[in-house]
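# Geometric and topological summary
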Amino acid sequence: MIIELPGTTTGAINKKLVELRESGGAVTLGRVLTLVVCTRDSKNSEDVIDAANEASREHPCRVIVVARGSRSEETHLDAEIRVGGDAGASEVVILRVFGELADHEASVVVPFLLPDTPVVAWWPEDAPTVPALDPVGRLAIRRITDATGADDPTATIKSRLGSYTAGDTDLAWSRITYWRALLTSALDQPPHEQILSATVSGLATEPALDILAGWLADRIDGPVRRQTGPLFVELQLSNDDRISISRPQVETTATLSRVGEPDALVALARRETRDCLAEELRRLDPDEIYEAALTGLSKVEYV
C-alpha cells in the first residue's frame, strides 16, 4: 500500500503513520533499527528504495528516504508512506524536500526516528566529506557510503581514511567479501607458504578492487600492485608457487588456480547493492578490518 501526501508537514505524516498502525496496516514492534537513506530525487531513487526494501527482509526496520529536490524551487515537503507488500519487511517513509528544506535533512528526519533503536545512515550517491560530522551522520552509529558511483572512485575510496570515524564503512568493502573469503580459504591449505607479493587487476573505475589491494597490503610484507586489465587477483608465494583467482568481467564463475594443482571453478558473481547493504546492517560495531584496509591503500603501487 502506497499513501501519497503532497505538500505536507512532518506532523501530518506522523499522524498518518499512527492511523496506519492503529488500523493494523503497519507496526513498529520488532523493528530492529532505523535506516536513513540520503539521496537525490531522481530516476534512480526507486532503485535505492528497492535495495533498502530487500535488505529490510533480513533486518526489519523503518526506512526513511530523504530525497533532495531542487533548491531553487519553492520550499515544500512531499511525502509517501509505503507499507505491506510495497515495503518489504519495513515501513518506508519517503520525504522529498525542496527549496531550503534540502539543506536541513536532519531536521526533517528526526520526527520519524523510532525510539530506542539504533540509526544507520546510508548515502548511496553523493556522501558528505566527513560522514560522522554531517547532521544526519551525527544521528547514526553506523554510516554507509558507496564510492562506486563517484566521479573518481579511486580517489574517493582513498579519501575515506582521512575522514574515517569508528562506525564508517563503504559498500565497496562488502562487494569483495567473497573474494576475501576465497583468498583466505585458499591460503589456509598446506603448505602455508609466505606471500611475497600480490597483484590486483581489473577496471580502473572499480573501488572494490582498490580496497581489496589495500586489504592485502595491510596483511603482507611484500609489494602489492594495482593494475588496469582483466579481472584477477594473483598471490606470489615462496618456492615459485602462485595462487590466482580470475573471472571475466560479466561472468558469475571464477577460476581458482594454483601451481601444481588442477583449476577449480567457483561461484563468484558481482554482489548486488541490496546484498552488500544487508551485510553492513548485520553489524553495528566499528569495522577495524575495513579501517586497516583503508590504511593499507597508501602502500599499494599503481601500475
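These numbers were taken from a predicted model, which means no experiment stands behind them. (Residues numbered from 1 in each chain as written. Predicted model: local features only at pLDDT ≥ 70, side-chain atom pairs only at ≥ 80, totals over all residues. Heavy atoms only, no water.)

A few words now on the environment of V259. Tracing the backbone through its elements, the reader meets V259 in the loop between β13 (253–258) and β14 (261–267). The exposure class of V259 is partly exposed, given its relative accessible area of 44%. (Helix = DSSP H or I, 4+ residues; strand = E, 2+ residues; numbered from the N terminus. Buried < 20%, exposed > 50% of the residue type's maximum accessible area, 1.4 Å probe, protein only.)

With that settled, consider the sheet that holds strand β10 (residues 224–228). One open sheet accounts for 7 strands, arranged β14-β13-β12-β11-β9-β10-β15; its pairing is mixed. Both outer strands of the open sheet, β14 and β15 (301–302), are each paired with one neighbouring strand and no more. With 6 bridges connecting them, strand β9 (residues 195–202) and strand β11 (residues 232–237) associate as antiparallel partners. Across the sheet, residue S201 finds its bridge partner in β11, namely F232. (Pairing = 2+ DSSP bridges.)

With that settled, consider the sheet that holds strand β6 (residues 119–122). Strand pairing in a sheet takes place through backbone hydrogen bonds and is either antiparallel or parallel in direction. Read across the sheet, 8 strands follow the order β1-β4-β5-β3-β2-β6-β7-β8 without closing on themselves; strand pairing throughout is mixed. Taken across any chain shown, the strands that pair with only one partner, and hence form the sheet edges, are β1 (2–5) and β8 (168–170). Strand-to-strand twist of the sheet, defined as the mean angle between neighbouring strand axes without regard to direction, takes the value 15°. (Axes fitted to C-alpha atoms, helices over the stretch in contact; angles between N-to-C directions.)

Counting 38 residues, the largest nonpolar core has W179, I211, L212, L216, V233, L235 and I245 as the members making the most contacts within it. For this core, the secondary structure elements donating two or more residues are α6 (171–174), α7 (177–187), β9, α8 (207–219), β11, β12 (242–246), β13 and α10 (288–296). Looking at this core element by element, the count peaks at 8 residues for α8. L17, L20, I64 and V93 belong to the second-largest nonpolar core, a separate cluster that totals 26 residues. (Core = buried A, V, L, I, M, F, W, Y, C linked by side-chain atoms within 4.5 Å.)

So, on to the pattern of salt bridges. As a working rule, side chains carrying opposite charge can pair if their charged atoms are close by. A complete count under the given rule lists 24 salt bridges for this structure. Note that E58 is salt-bridged to R282, the shortest N-O span being 2.5 Å. With a gap of 224 residues between them, E58 in the loop between α2 (45–56) and β3 (61–68) and R282 in the loop between α9 (273–281) and α10 connect regions that are remote in the sequence. For D241, the salt bridge goes to R258, with nearest N and O atoms at 3.0 Å. Within this pair, whereas D241 is found in the loop between β11 and β12, its partner R258 is found in strand β13, the two being separated by 17 residues in sequence. For the pair shown, D241 and R258 are each scored as buried. Where salt bridges share partners, they join D41, E46, E80, R82 and R96 into one cluster. (Salt bridge = Lys/Arg side-chain N within 4 Å of Asp/Glu carboxyl O.)

Turning our eyes to something else, we now look at unusual backbone geometry. Despite not being glycine, D116 has its phi angle at roughly 60°, a positive value. Mapping D116 onto the fold places it in the loop between α3 (105–109) and β6. A relative accessible area of 83% means that D116 is categorised as exposed. Although it is not a glycine, N239 adopts a positive phi angle of roughly 60°. With respect to the helices, strands and loops of the structure, N239 is situated in the loop between β11 and β12. Owing to a relative accessible area of 70%, N239 belongs among the exposed residues under this scheme.

Turning our eyes to something else, we now look at the state of the cysteines. Applying the stated rule across the entire model yields 0 disulfides. Sulfur of C61: no disulfide; nearest cysteine sulfur belongs to C38 and is 14 Å away. Considering cysteine sulfurs only, C61 is the nearest to C276, which forms no disulfide, with 17 Å between them. The class for C276 is buried, based on a relative accessible area of 0%. (Disulfide = S-S within 2.5 Å.)

This paragraph deals with the environment of R138. Positionally, R138 belongs in helix α4 (residues 135–139). Distance from R138 to V119, taken between C-alpha atoms, is 9.7 Å for residues 19 residues apart in sequence. Here R138 is in contact with A132 and L133, once residues within four sequence places are set aside. (Contact = heavy atoms within 4.5 Å.)

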